[in-house]
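Below, each chain spelled out in residue letters.
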There are 2 protein chains.
Amino acid sequence: MPNIYDSAYDLEKAIRESEEFKGLKSAFEAVMNDPSAKQMFENFRDTQMQLQEKQMQGQEITEEEVEKARSVVELVQQHEDISKLMEEEQRLNMMINEISQIITKPLEELYGSQEEAAE
Amino acid sequence: MPNIYDSAYDLEKAIRESEEFKGLKSAFEAVMNDPSAKQMFENFRDTQMQLQEKQMQGQEITEEEVEKARSVVELVQQHEDISKLMEEEQRLNMMINEISQIITKPLEELYGSQEEAAE
Ligand SMILES: [Ca+2]
Ligand SMILES: [Ca+2]
C-alpha cells in the first residue's frame, strides 16, 4: 500500500520540477525584478481583491470601480512581462485543478454514488 | 523526473486505500443505509448550506434560524452513526488539508519569498 505522505511529497517534487512551475517562476521573477512592472502588477492584484471582497460581502460595486478595474486590466494586458506572468499563472492553475480532480476522485465517487441512488 | 500525473494517480490510490478513507466510507454507508439517519443527516446538511449561503451573500441570519440550526446540530450529535460520520469526515478533511499544504508548497514559497522581500 503506497504511503499517503510519501506520495504527496513525490507529487510536490514533480510539481516543483515541472515545466509549468519553472515557467511561472521565471515569469514571476521577471516581473518582481522590474520595479515599475512589480508596482503595476500589485496594483492590479489589489484592485481585483478589493472587488472580490466586496462581491463576496454582497456590497454594491459602483460603475466607477468597474471602470477602474477595466482600465487596470487593459494596462497589465499591454505589459509583455505581466501578461506572460498571468498566462503562466493560468497554466499552473489548470494543472493544479486537474491534480485536485484526480486526488479527490475517491470522495466524489463516494458522495456522488449516494446522490445518484437518491434520485 | 517524476511525472505529475503518475504521481497524482499514485496519491489518489493511496488516499483510496487509506484507513481514513475506508473509515469515512463505512461511516457514510452506515448512515445512508438507515433511512431515518439519512434523512436527519440530509436535513442537517441542508440547514448548514442555507446558513452558509446567506452568510456569504451578506444576508442577515435571524435568531430563529440560529436556534433551528442549533437544535439540528444537537440532534445529529446525539445520533451515534451520524456523529461517527461527522468525525470521519473531519479526519479525512484534515488529511486532505495536509496533502494540499504539501503539494502547494512550491507556490507558497515562490509567492511568499517575494512577500518577505517586499517588506
Ligand atoms: Ca446526481
Ligand atoms: Ca510576509
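The shown structure was predicted, so the numbers you read here are calculated from the model rather than taken from an experiment.

Novice: I'm lost on the packing of aromatic side chains in this one. Help?
Specialist: Each aromatic ring pair is summarised here by two numbers: the centre-to-centre distance and the angle between the ring planes. Using the criterion set out here, one finds four aromatic pairs over all chains in the structure. Ring centres of F28 of chain A and Y111 of chain B lie 4.6 Å apart, and the angle between their planes is 55°; on these two criteria the pair is classed as tilted. Of this pair, F28 of chain A sits in helix α2 (residues 19–32) while Y111 of chain B is found in helix α6 (residues 105–118), placing the two residues in two different chains. Judged by relative accessible area, which is 3%, F28 of chain A ranks as buried. Judged by its relative accessible area of 25%, Y111 of chain B falls in the partly exposed class.

Novice: Teacher, can you tell me more about the pattern of salt bridges here?
Specialist: Residue and element names in this part refer to chain B. Inspection of every chain in the model, using the stated rule, returns 20 salt bridges over all chains. Of the charged contacts, one joins E17 and K13 as a salt bridge, the two residues approaching to 3.2 Å between their closest N and O atoms. We classify K13 as partly exposed; its relative accessible area is 44%. When the shortest N-O distance is used, the salt bridge between K54 and E65 registers 3.0 Å. With K54 in helix α3 (residues 35–56) and E65 in helix α4 (residues 63–78), this residue pair connects regions lying 11 residues apart in the sequence. Residue K54 is classed as partly exposed on the basis of its relative accessible area of 22%.

Novice: Explain the nonpolar core to me, please; I cannot follow it from the model alone.
Specialist: In terms of nonpolar packing, the biggest core is built from 52 residues, with L11 and I99 of chain A together with L11 and I99 of chain B touching the most fellow members. Beyond its immediate sequence surroundings of up to four residues, I99 of chain B is in contact with I4, A8 and I103 of chain A together with L11 and I15 of chain B.

Novice: Whenever I open this one, the interface of chain A and chain B confuses me. Can you help?
Specialist: You'll often see interface size given as the accessible area lost when the parts meet. Taken residue by residue, the interface counts 43 residues in chain A and 43 residues in chain B. For the pair chain A and chain B, the summed buried area comes to about 4100 Å², and 74% of that belongs to carbon and sulfur atoms. Where chain A packs against chain B, one counts two salt bridges. Here E109 of chain B ties to R16 of chain A by a salt bridge, and the two come within 3.0 Å at their closest N and O atoms. Tallying contributions element by element places helix α1 (residues 4–16) of chain A first for the side of chain A that touches chain B, with 12 residues.

Novice: Would you explain the confidence of the model for chain A in this entry?
Specialist: Note: predicted coordinates in regions of low pLDDT should not be interpreted at a detailed level. Chain-level pLDDT for chain A is 91 on average; 93% of the residues reach the 70-or-more range. Mean pLDDT values for the elements of chain A range from 79 in helix α6 (residues 105–118) of chain A up to 97 in α2 of chain A.

Novice: Can you help me understand a negative patch on the surface in this one?
Specialist: The grouping of D6 and D10 of chain A together with D6 and D10 of chain B at the surface amounts to a negative patch. Within the residue set of the negative patch, elements represented by two or more residues are α1 of chain A together with α1 (4–16) of chain B.

Thresholds, definitions, all that
- Residues numbered from 1 in each chain as written.
- Chains lettered and ligands numbered in written order.
- Predicted model: local features only at pLDDT ≥ 70, side-chain atom pairs only at ≥ 80, totals over all residues.
- Heavy atoms only, no water.
- Phe/Tyr/Trp six-rings, centres within 6.5 Å; stacked < 30°, edge-to-face > 60°.
- Helix = DSSP H or I, 4+ residues; strand = E, 2+ residues; numbered from the N terminus.
- Buried < 20%, exposed > 50% of the residue type's maximum accessible area, 1.4 Å probe, protein only.
- Salt bridge = Lys/Arg side-chain N within 4 Å of Asp/Glu carboxyl O.
- Core = buried A, V, L, I, M, F, W, Y, C linked by side-chain atoms within 4.5 Å.
- Contact = heavy atoms within 4.5 Å.
- Buried area = accessible area lost by both parts, 1.4 Å probe.
- pLDDT = per-residue confidence, 0-100.
- Patch = residues over 30% accessible without salt bridge, like charges linked within 9 Å, V, L, I, M, F, W, Y side chains within 5 Å.
- Areas by Shrake-Rupley, 256 points an atom, 1.4 Å probe, with all protein chains shown as cover.
- Lys, Arg positive; Asp, Glu negative; His and termini not counted.
- Charge placed at Lys NZ, Arg CZ, Asp CG, Glu CD.

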